[in-house]
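Observations on the three-dimensional arrangement
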Amino acid sequence: MKAVVKYAHGRGNVELRDVPKPSPGPDEVMIEVKAAGICGSDLHIFDGDIKLPIRPPVIIGHEFSGIIAEVGSSVTKWQPGDRVTSETSAYVCGECLQCRTGNYNVCAEKRLIGYWFDGAFAKYCVVPSRLVHKLPDNVSFLSGALCEPLACCVNGVIEKTRIKPGDLVVITGPGPIGLLSLQIAKAQGASVVLCGLSRDRKRLELGKNLGADLTINVDEEDPLRIISKMTDNAGSDVCIDCSGSPNAIRMGLQLVRRGGQYTQIGLTGRPFDLDFDLIAYKELIVRGSLGQRWTSWRIALKMLSEGLVKSEPLISDVLPLSKWETGFQKARSKEGIKIILRPE
Ligand SMILES: [Zn+2]
Ligand SMILES: [Zn+2]
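Criteria and thresholds
- Residues numbered from 1 in each chain as written.
- Chains lettered and ligands numbered in written order.
- Predicted model: local features only at pLDDT ≥ 70, side-chain atom pairs only at ≥ 80, totals over all residues.
- Heavy atoms only, no water.
- Pairing = 2+ DSSP bridges.
- Helix = DSSP H or I, 4+ residues; strand = E, 2+ residues; numbered from the N terminus.
- Axes fitted to C-alpha atoms, helices over the stretch in contact; angles between N-to-C directions.
- Contact = heavy atoms within 4.5 Å.
- Buried < 20%, exposed > 50% of the residue type's maximum accessible area, 1.4 Å probe, protein only.

Turning our attention to the sheet that holds strand 13 (residues 256–264). Strand order in this open sheet of 6 strands is 11-10-9-12-13-14, and the pairing throughout is parallel. Both outer strands of the open sheet, strand 11 (214–217) and strand 14 (285–288), are each paired with one neighbouring strand and no more. The mean angle between the axes of side-by-side strands here comes to 20°, regardless of whether they run parallel or antiparallel. Relative to strand 10 (residues 191–196), strand 9 (residues 168–172) runs parallel, the two being bridged by 5 bridges. Paired with Ile 171 across the bridge in strand 10 is Leu 194. Its contacts with the sheet place helix 8 (residues 246–255) against strand 9, strand 10, strand 12 (236–241) and strand 13, and it is angled at close to 150° to strand 13.

If you walk across this open sheet you meet the 3 strands as 2-1-4, and the pairing is antiparallel. Looking along the sheet, the strands with just one partner apiece sit at the ends: strand 2 (14–18) and strand 4 (58–59).

Let us now look at the environment of Gln 188. As for its position among the elements, Gln 188 is in the loop between helix 5 (176–187) and strand 10. Relative accessible area serves as the criterion here: at 19%, Gln 188 is assigned to the buried category. Spatially, the C-alpha atoms of Gln 188 and Lys 164 are 6.8 Å apart, while their sequence positions differ by 24 residues. Residues in contact with Gln 188, not counting those within four places in the same chain, are Val 157, Ile 158, Ile 163, Lys 164 and Pro 165.

What follows is the structure, given as structure tokens:
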């Protein structure tokens, strides 16, 4: 089968290769991939600056949906033909404090599909059966391919942050994670202000269509002034950064009210200068969010199925797997929003 393979560490070293069709071990299932999304971290894997462990040669891709093609001898829960999507934490130690408390997304030994184990930019992908989630009948394969990023947002916006109806939530960064987080915050009854730059104009417009109460182009308008005016100088109840931009993070800590919540989902990739005292002066509740766990997937699938979150409008391009390079370029130039590859 054809597969997009990262064949060595370092920059580049990715190509479309012919690889043998896999087969599932006793506790595994083999999924025929119907749709696989290109994630920002796939670009970092390409660039060789990803901070999570990778093991080349490895098939990349970790956001996907498909149909079960074959099940291992001990698998009883799944059958060929089942429409599914899959978590990515193919290996966690199972014994550390994090694993034993259900927080296996932060297990130090975690190894992911598409990084360490073969992933989804291929016709077939084999995963441990415990990772598999049923795709609700009314959720398309395209929508289903965004379950993984959506589950990351559920972890950040629902499981790590406490949003109450009527809260004012500022989200910085209108990429796929911001646009999904926005909808989750709306579903919890918040008013949402989505912030981006001039180059994000299209994304901000989509954010508006997906329910943002207000969008701010921070190149043209001063969000501090706008949020102050909206809140009688108090600041927003919550700020969630989905951009990983130092400027947005510095701004977020300014925008959030005293005693408010600040949640970091975006990654800057490098240390930067920040007025950390704001956390003490304003008694902020600051939390980080990384990846997702079983509970996040459960909520994500429910939200998709009930139409509380729409993921298909984020899909700007659907390309055959052979056009993976075009897809990566579009993702890098931010010309597209979410780009989906379809194995042939
Ligand atoms: Zn991802
Ligand atoms: Zn562990």
